[in-house]
Amino acid sequence: MIEGSCETFVSDCQVRAAAELISHAWDPVVLSALRLGPTRRRELLTRIAGVSDKVLTEALRRLLARGLIVRSGGAGQAGAVYQLSPLGESFANGPLAQLAQWAADNLDDLIASSATS
């Protein structure tokens, strides 16, 4: 457990650092899709319904820059294979998976809250 609770909510608070990892809507979706193993970009486009080519490219660049995924092989992006880095695996299989489970467990309440607001 992290000591302290970021009581002053300073800019280097651990909560903010963690929230940055899911601040872009498609980044956690891409990480979740890569939990299934190494995947080519075109396969990701097919696997992730609703994501555009441009948005996927931006998400992959952010995740690469943060060290959460690695790219290997292929000439250019089309032939490249993406997979979770060890850091990405620990995030995707740990807190991100727990957050997804929490959302699934509370989906009815979340939907009801959205409907009333």
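Caption draft 1: Expanded view of the overall build of the protein chain. Each helix and strand counted, the protein chain has 7 helices and 3 strands in total. For the protein chain, the N- to C-terminal ordering of α and β elements is α-α-β-α-α-β-β-α-α-α. Buried residues in the protein chain amount to 29% of all 117 residues. Of the contacts formed within the protein chain by residues at least 6 apart in sequence, a portion of 44% connects residues at least 24 apart.

Caption draft 2: Highlighting the pairing of strand 3 (residues 81-84). Across 2 bridges, strand 1 (residues 39-40) lies against strand 3 in antiparallel orientation. Looking at strand 3, one finds that threonine 39 is bridged to tyrosine 82. One ladder, built from 4 bridges, connects strand 2 (residues 69-72) with strand 3; its direction is antiparallel. By the bridge assignment for strand 3, isoleucine 69 is matched with leucine 84.

Caption draft 3: Structural context of the nonpolar core. Counting 21 residues, the largest nonpolar core has Val30, Leu31, Leu34, Leu44, Leu56, Leu60 and Ile69 as its most contacted members. Where this core is concerned, the elements lending two or more residues are helix 2 (27-34), helix 3 (41-47), helix 4 (53-65), strand 3 and helix 5 (86-93). Setting aside anything within four residues of it in sequence, one finds leucine 34 in contact with Thr39, Leu44, Ile69, Tyr82, Gln83 and Leu84.

Caption draft 4: Main features of the sheet that holds strand 1. Read from one edge of the open sheet, 3 strands run 1-3-2, paired in antiparallel fashion. For this open sheet the edge positions go to strand 1 and strand 2, each flanked by a neighbour on one side alone. Across the face of the sheet, helix 4 comes into contact with strand 2 and strand 3 while running at roughly 110 degrees to strand 2.

Caption draft 5: Structural detail: helix 5. Of the residues making up helix 5, those classed as buried are Gly88, Phe91 and Ala92. Along helix 5, the residues classed as buried sweep out an arc of 95 degrees about the axis, all on the same side.

Caption draft 6: Fine view of the confidence of the model for the protein chain. Taken residue by residue, the protein chain gives an average pLDDT of 88. The fraction at 70 or more is 85%. For the protein chain, the element scoring lowest by mean pLDDT is helix 1 (residues 14-20), at 81; strand 3 scores highest, at 97.

Caption draft 7: Representation of the side chain of threonine 39 in the model. Residue placement: threonine 39 occurs in strand 1. Using a relative accessible area of 1% as the deciding quantity, one classes threonine 39 as buried. Once you skip the residues sitting within four places of it in the chain, threonine 39 turns out to touch Leu34, Leu44, Arg47, Ala80, Val81 and Tyr82.

Cut-off values and rules
Residues numbered from 1 in each chain as written. Predicted model: local features only at pLDDT ≥ 70, side-chain atom pairs only at ≥ 80, totals over all residues. Heavy atoms only, no water. Helix = DSSP H or I, 4+ residues; strand = E, 2+ residues; numbered from the N terminus. Buried < 20%, exposed > 50% of the residue type's maximum accessible area, 1.4 Å probe, protein only. Contact = heavy atoms within 4.5 Å. Pairing = 2+ DSSP bridges. Core = buried A, V, L, I, M, F, W, Y, C linked by side-chain atoms within 4.5 Å. Axes fitted to C-alpha atoms, helices over the stretch in contact; angles between N-to-C directions. Arc of directions from axis to C-beta. pLDDT = per-residue confidence, 0-100.

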